[in-house]
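Read off the chains here:
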Amino acid sequence: MKALRRFTVRAHLPERLAALGALTANLRWSWHPQTQDLFESVDPDLWRRCSNDPVRLLGEVPPARLDALAEDGDFLARLDAAAADLEHYLTRPRWFQEQQERGTTLPAGIAYFSMEFGVTEVLPNYSGGLGILAGDHLKAASDLGLPLIGVGLLYRSGYFRQSLSADGWQMEHYPSYDPQGLPLRLLTEADGTAALVQVAVPGGRTLDARIWIAQVGRVPLLLLDSDIPSNDEELCGVTDRLYGGDQDHRIKQEILAGVGGVRAVRAYTRIHGLPDPDVFHMNEGHAGFLGAERIRELVTGAGLDFDEALAAVRAGTVFTTHTPVPAGIDRFPIDLVRHYFSGTNGENESALLPGLTVDRILALGRESNPNVFNMAHLGLRLGQRCNGVSKLHGEVSRGMFEGLWPGFDAAEVPIGSVTNGVHAPTWAAREWIALANRLAGPDRVEEARGWELLQTIDRKELWSTRNALRAQLVAEVRRRLRESWLERGATEAELGWIESVFDPNVLTVGFARRVPTYKRLTLMLRDPERLRALLLDDERPVQLVVAGKSHPADDAGKALIQQVVRFADEYDVRHRIVFLPNYDMSMARYLYWGCDVWLNNPLRPLEACGTSGMKSALNGGLNLSIRDGWWDEMFDGENGWAIPTADGVDDTRRDDLEAAALYELLERSVLPRFYDRDSDGVPARWIEMVRHTLEDLGPKVLASRMVRDYAVDYYIPAAAAASKVTADDYAGARALADYRHRIEAAWPGVRVAQVDSTPIPDVPQIGLPLGLTAHVQLGDLTPEDVEVQAVVGRVGSDDTIGDPVTVPMQHIGTDPLGEEFTATVPLPLAGAVGYTVRVLPRHGLLASPAELGMVALP
Ligand SMILES: *Cc1c(COP(=O)(O)O)cnc(C)c1O
């Protein structure tokens, strides 16, 4: 019999245990081992059966047990200590507050939008790297004391749970989660009713959503949920699944996340009496409609016109792009966007965003194909500050989006980079956290610093820690493999062999990630016999653990999984290679802790950053990876291995070459190092690499480093820019919009008429002062409206200037040829050098001279 409706009833805690409720309600427990231990001691068996989920634990623990605990002095002392520790964590001044004391003007609030958030496995609201990154961002922001609010959707079924059929085909399951049973509280008005967000949808209907709050340390995460009675069935289903459904479904989700998300932030700050955020950060373009909603707010609330409002919104908006693959960009048919944003009766005023014309909204996402609305272009047009997620990805993005800044070289495209990071307290094994606490003190570790001190640990202790973590992984592999085989239809009686799967002393390689083609799950199988030989070597074997989900609509990805599963099922190798279904945070943790080597072989440069290798490195795992994403900038020759990439070779041959290089590295370098032992049984050269990895990569891969980079290079400047454009009733926004109009109107008349240089000697020497004079026609503009620059640099055979040095030129007068500008530039380098002169817009409220995408060259 199936239940008609399900709901979760929370247990009533004895008064003396009230703090347990508070500890459960704040997800900080998910990265705080002492609090987890406390939950475990409530009922160790039940804790395991509840998959370490404290909300379930408190729902299922017998009342008699709670009564006993309320009398248990030891438990109460630990409970009070944990509660005091949480209070301390939530109230003590942190890095951000220290900046405040130094007098830096800081953001009043940062709203951080993402389509997915992976905070903990008990809130399964993520599919992969993007969501986990967003979760780590919130946690690090909390650790650092940033006034950040996360915004996203709550999916009734999350992404999906993966299992395997008997023949190794991915099966998807969509469990339905009851928000009451999740670590969430409802945002309510003063009278106790649920705060509601409403968004107009075509047909004169409204899409309603309630707002759940997941408390992530200091940071609230607002999750919109459309599954409420005031919506019809179709609209209830808007937040059913993450990345499920067609384009129509998806645009509704993105409208709710963006437009509804801003409204949820407003409700939250109003109810809690908090300042409105001045910075809005889009983690990928999915929530880009938030910018259109904020333009609407300013048009209807502050009396600005569209362009003035756009200038104001841009100042406080940060956009992070995450994909280097054009096919990975979120794009909609323009007619679909028109359908959702247009007015009733085909009027040009938007019904969803009254006060805005549909054409202006559509223009924000235009791209070269006029039938397409491009969410990345939307993000780039709305964000005055934009970035990619590793140095290489920043560079690739500048090239990929160059077309939005015509006339500029890719290097000058205003897209920077902040390399992703990972939250150490979440991803490092508690063994490392304990060691770091011992060396650095808990307060530094709390902000996830002090990692570099781990390298001072004695080599035997390093090695025994690595061994202990590998042994834990082996036990977990067996447990999960058994579960998987039972689900695939095996009986317990057939599964005795699983007890000898994996060996705690064998070099363990991990490969786990989503399964899009570019990640090349099956590269390791390129030469199955060579892999088999590696696995079965008598003296120096390898064992390999593989995991990953394929998007439900991607049969090609599922076929790759099946290929791995079929190989791993083979009799002779099944004790040395396993595919574990349902890769999620609860499994990933064991892999990062226990794998000696973390393998990553994407098609360069398609991996924007990659973060799983960082999590492995935090635990002393060594990366064996193509130099893509983060590894391109952080591999130093000693902290792991770089698989040579055959970039530019056609794909089949490329796979052959790169797979051969991978086997070769394993055979010649990785295995000998791991199995070469000294008289203490320690692999000395291996442990040197582990030590170096902890010391060198530890501090660089931290999410606290990432969030500080965002704060210093993006949030603080964005808040300053926002404050400048909004002061004096938006005088700055009005001035900037007016300037932009004038520049756009006048630019066709701007011309570099003539450039003269001082005589160049026959043999010019480096450092020679080169005098340049330019005559420039400015049409209706004044010399103050522009910057005229001398540009000097190395020239190639086609006369393009590489690595240019730019020097602003001085206005010295007006003559019949135009406005006259001069500069003296010392020749910056030897070899073939060239120069030119260009005219750029100049305004105090622009963040970059390339910002408006306008430049005049001779
Ligand atoms: C870190 C992580 C990812 C992302 O890893 P990539 O290296 O970016 O592919 C995906 N899933 C889980 C569960 C993770 O922990």
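Residues numbered from 1 in each chain as written. Predicted model: local features only at pLDDT ≥ 70, side-chain atom pairs only at ≥ 80, totals over all residues. Heavy atoms only, no water.

Engineer: Tell me what's going on with the pairing of strand S18 (residues 597-600), and back it up with residues and numbers.
Structural biologist: Both faces of the sheet carry side chains from a regular strand, because those side chains alternate between them. Residue alternation in S18 divides its side chains into two sets, Val597 and Leu599 and Trp598 and Asn600, and both sets are buried. As paired elements, strand S15 (residues 507-512) and S18 share two bridges and run parallel to each other. Paired with Gly510 across the strands is Trp598, a residue of S18. Note: S18 against strand S19 (residues 622-626), four bridges, orientation parallel. The residue of S19 that forms the bridge with Val597 is Leu622. At this point the chain moves from S18, through helix H24 (residues 612-618), to the parallel S19, and the crossover so formed is right-handed. (Buried < 20%, exposed > 50% of the residue type's maximum accessible area, 1.4 Å probe, protein only. Helix = DSSP H or I, 4+ residues; strand = E, 2+ residues; numbered from the N terminus. Pairing = 2+ DSSP bridges. Right-handed = clockwise from strand over helix to strand, strands pointing away.)

Engineer: Mind laying out the pattern of salt bridges, listing which residues take part and the relevant values?
Structural biologist: For the coordinates displayed, the defined rule picks out 61 salt bridges. The residue Arg48 makes a salt bridge to Asp45 at a minimum N-O spacing of 3.1 Å. Taken together, the positions of Arg48 and Asp45, both in helix H3 (residues 44-49) and three residues apart, correspond to about one turn of that helix. Given a relative accessible area of 53%, Arg48 falls into the exposed group. Between Arg360 and Asp307 there is a salt bridge, with its nearest N and O atoms 2.7 Å apart. With Arg360 in helix H14 (residues 358-364) and Asp307 in helix H12 (residues 306-315), the pair connects residues that are 53 residues apart, well separated along the chain. Each of Arg520, Arg526, Arg604, Arg627, Asp632, Asp647, Arg654, Asp655, Asp656 and Glu658 takes part in salt bridges that share partners, so that together they form one network. (Salt bridge = Lys/Arg side-chain N within 4 Å of Asp/Glu carboxyl O.)

Engineer: So what's going on with the sheet that holds strand S24 (residues 801-808)? Residues and values would help.
Structural biologist: Read from one edge to the other, the open sheet built from three strands follows the order S24-S23-S27, with strand pairing classed as antiparallel. This sheet does not close on itself; its edge strands, each paired only once, are S24 and strand S27 (833-841). On average, each strand axis in the sheet is inclined to that of its neighbour by 30°, with strand direction left out of account. Of the pairings in the sheet, the one linking strand S23 (residues 786-795) to S27 comprises nine bridges and is antiparallel in character. Pairing of Gly793 across the sheet is with Gly834, part of S27. (Axes fitted to C-alpha atoms, helices over the stretch in contact; angles between N-to-C directions.)

Engineer: Just give me the short version of the site of the ligand, but keep the residues and values in it.
Structural biologist: Near the ligand, the surroundings consist of 15 residues, among which Lys519, Tyr592, Thr611, Ser612 and Lys615 are the closest. Note that an oxygen atom of the ligand is positioned 2.7 Å from one of the side-chain N or O atoms of Lys519. Between Lys615 and the ligand, the recorded distance is 2.6 Å, taken from a side-chain N or O atom to an oxygen atom. Taking 390 Å² as the accessible area of the ligand by itself, protein coverage stands at 94%. Elements that contribute at least two residues to the shell around the ligand include exactly helix H8 (129-144), helix H23 (585-594) and H24. For the shell around the ligand, the leading source of residues is H23, giving three residues. Of the residues that make up the shell around the ligand, three or more belong to each of domain 2 (105-420 + 711-727) and domain 3 (459-701). (Near = heavy atom within 4 Å. Polar contact = N/O pair within 3.5 Å; in protein donor to acceptor, adjacent residues only side chain to side chain. Areas by Shrake-Rupley, 256 points an atom, 1.4 Å probe, with all protein chains shown as cover. Domains from an automatic or database assignment.)

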